[in-house]
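# Secondary and tertiary structure notes
In case you want the letters, here they are:
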Amino acid sequence: MWQTIPFRTPKVVFGMDSARQTGAEAKGLGAQKALLVTGPSVKSSGALDAIEKSLQEAGIAFEAHILTRTTSEPTTDMAEETGRIIQEKKADLVIGVGGGSVLDVAKMAAAMTANPGKVREYFGPGKVKNKGTKAVLIPTTAGTGSEVTQHAIFLDLENNVKKAVASQAIMADVAIIDPMLTVSSPRSVTAASGFDAWLHAAEPFISKNANPITDALALEAVQRITRNLGTAWSDPKDLDARYNMSLGCLTSGFVLANAGTSLVHAMAYPIGGEFHTPHGISLSVLLLACFKAVVASKGERLKQLAVAMGENVEGLSVREASEVALEAMYNLLRSVKLPVCLSEIGITDRSKVKGWAQDAWNERRLLARAPVELTVEEIADIYTDAFDPYL
Ligand SMILES: [Fe+2]
């Protein structure tokens, strides 16, 4: 079958100490004044030092805007306020430095300078029409992939739900990925964001949107992240592990941007919205129940994931190999102390599954790519399955 495959990516600069190239990249974009958008922990970790120095050397003026938040996800008003600051300061470049939340705020704020109204008006696919202020995104975690995607996720406090803006116009102009910036990531962040990155490869791999390019990148990312997550978590200063995690995360970011997530992310939205659970945790507690639900239709793909995770499936049937893949996923989560079911994070009220299932079903953008067509009742069954541990 012949396919037409669009492939989206910003300009990417990857490598140890690549943050030192920020000034040169900003100059290349014609910038004269940059607004550095970052979080309080990034500022205090010293991660900004190399970036600020390179901007000074390139003769680019800059000011820092430190985001503070009280919720686990960024809110829509943070992006709106930051958009106003970009205009007040007359900045012609936004440089986002931080985890996925900071990067999402930075890229949406940059877009708000050329698109009127409120962020919530832009939820859904293709709603942001105009390219805003130019943006350079520099992640300090490995990571959400936000630096290379056209998505930004926000908590809409009015409705207490997480929603995504998904528009080509908010993609960064340049993504600079410097593994050195991830060395100070706390263990819990390394685990949760590293697993999120793993899933950004594995979930599209079993989705309807997969294509030969994203498949190759997905298997590479799954292999690299599975091999290195445990070391990066247990020995945060292991630079080889950090390098490989950042590379694996970048690779899975390309998969995320070009094939997209589906079932697990759709089902995680109601959990994250209601309980304000960190993104990676709301995914890890649903992973096994979701993948178990697609064994019948995607067994062959699960077998390939098992191989990418380093498992020996020689001589096994597709169903047996799928079981091996599920066990490998369980072991990956356990190896970095991530929770594997809802009850483990104190969510035990089973009367809620119907409401969550309806909310997840409404995430049509994501569920349209799910490996199998699911009814609200079937999604509710998966939530029910997710209350208890898989093994
Ligand atoms: Fe994610």
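Below is a summary of the structure that appears in this document. (Residues numbered from 1 in each chain as written. Predicted model: local features only at pLDDT ≥ 70, side-chain atom pairs only at ≥ 80, totals over all residues. Heavy atoms only, no water.)

A word on the overall build of the chain. Secondary structure summary: the chain contains 15 helices and nine strands in total. In terms of overall dimensions, the chain is globule-like: its C-alpha atoms have a radius of gyration of 20 Å, near the 21 Å expected for 391 residues. Principal axes of the C-alpha set define a box for the chain whose edges measure 60 × 45 × 45 Å. For the chain, the proportion of its 391 residues judged to be buried stands at 59%. In the chain, 39 positive and 43 negative side-chain charges are present, and the distance between their average locations comes to 4 Å. (Helix = DSSP H or I, 4+ residues; strand = E, 2+ residues; numbered from the N terminus. Rg over C-alpha atoms; globule rule 2.2 N^0.38 Å. Buried < 20%, exposed > 50% of the residue type's maximum accessible area, 1.4 Å probe, protein only. Lys, Arg positive; Asp, Glu negative; His and termini not counted. Charge placed at Lys NZ, Arg CZ, Asp CG, Glu CD.)

Evaluation of the coordinates by the stated rule reveals 15 salt bridges. For Glu57, the salt bridge identified is with Lys53, shortest N-O distance 3.6 Å. Taken together, the residues Glu57 and Lys53, both in helix α3 (residues 49-57) and four residues apart, mark about one turn of the helix. For the pair shown, Glu57 and Lys53 are each scored as exposed. Put simply, Asp388 and Arg350 hold a salt bridge, and the shortest N to O gap is 3.3 Å. (Salt bridge = Lys/Arg side-chain N within 4 Å of Asp/Glu carboxyl O.)

Turning our attention to the coordination of the iron ion. The iron ion binds to the protein through Asp196 (OD), His200 (NE2), His265 (NE2) and His279 (NE2), with metal-donor distances spanning 2.1 to 2.2 Å. What the four donor atoms of the iron ion show is an angle range of 80 to 166 degrees at the metal, which sorts the shape as irregular. Within one chain, the residues serving as donors to the iron ion are arranged as D-x3-H-x64-H-x13-H. Residue Asp196 and its partner His200 are located together in helix α6 (residues 187-205), separated by four residues, close to a single helical turn. A relative accessible area of 2% means that Asp196 is categorised as buried. The class for His200 is buried, based on a relative accessible area of 4%. (Donors = N, O, S within 2.8 Å, 3.2 Å for Na, K, Ca; no water. Tetrahedral: all angles 85-135°; square planar, octahedral: opposite > 155°, others 65-115°.)

On to helix α8 (residues 239-258), then. Here α8 contains 20 residues, and its C-alpha end-to-end distance of 29 Å stays within 8% of the 28 Å for a straight helix at 1.5 Å per residue. Of all 20 residues in α8, 17 are buried, a share of seventy percent or more. The residue sitting at the N-terminus of α8 and contributing the capping side-chain oxygen is Asp238; that oxygen lies 3.1 Å from the backbone nitrogen of Asp240. Count one or two residues on from α8 and you reach Gly260, which has phi positive near 80 degrees. (Expected span 1.5 Å × (residues − 1). Polar contact = N/O pair within 3.5 Å; in protein donor to acceptor, adjacent residues only side chain to side chain.)

Counting across every chain of the model gives six aromatic pairs. An angle of 20 degrees between the planes, with centres 5.9 Å apart, marks the rings of Phe195 and Trp198 as stacked. Of this pair, Phe195 and Trp198 both sit in helix α6, three residues apart, which is roughly one turn of that helix. Across this residue pair, the class does not change: Phe195 and Trp198 are buried. In textbook terms, an aromatic cluster arises when at least three aromatic residues are bridged by ring pairs, as seen for Phe275, Trp356, Tyr383 and Phe387. Over the ring of Trp233 we find Arg187; its NZ or CZ atom is 4.2 Å from the centre of that ring. For Arg364, the ring lying beneath its charged end belongs to Trp361, and the centroid distance is 4.1 Å. (Phe/Tyr/Trp six-rings, centres within 6.5 Å; stacked < 30°, edge-to-face > 60°. Lys NZ or Arg CZ within 6 Å of the ring centre and 35° of its normal.)

A separate point is the side chain of Ser262. Checked against the element boundaries, Ser262 lands in the loop between α8 and α9 (263-275). Ser262 gets classed as buried once you look at its relative accessible area, which sits at 1%. Here Ser262 is in contact with Glu203, Ser207, Leu366, Arg369, Ala370 and Pro371, once residues within four sequence places are set aside. (Contact = heavy atoms within 4.5 Å.)

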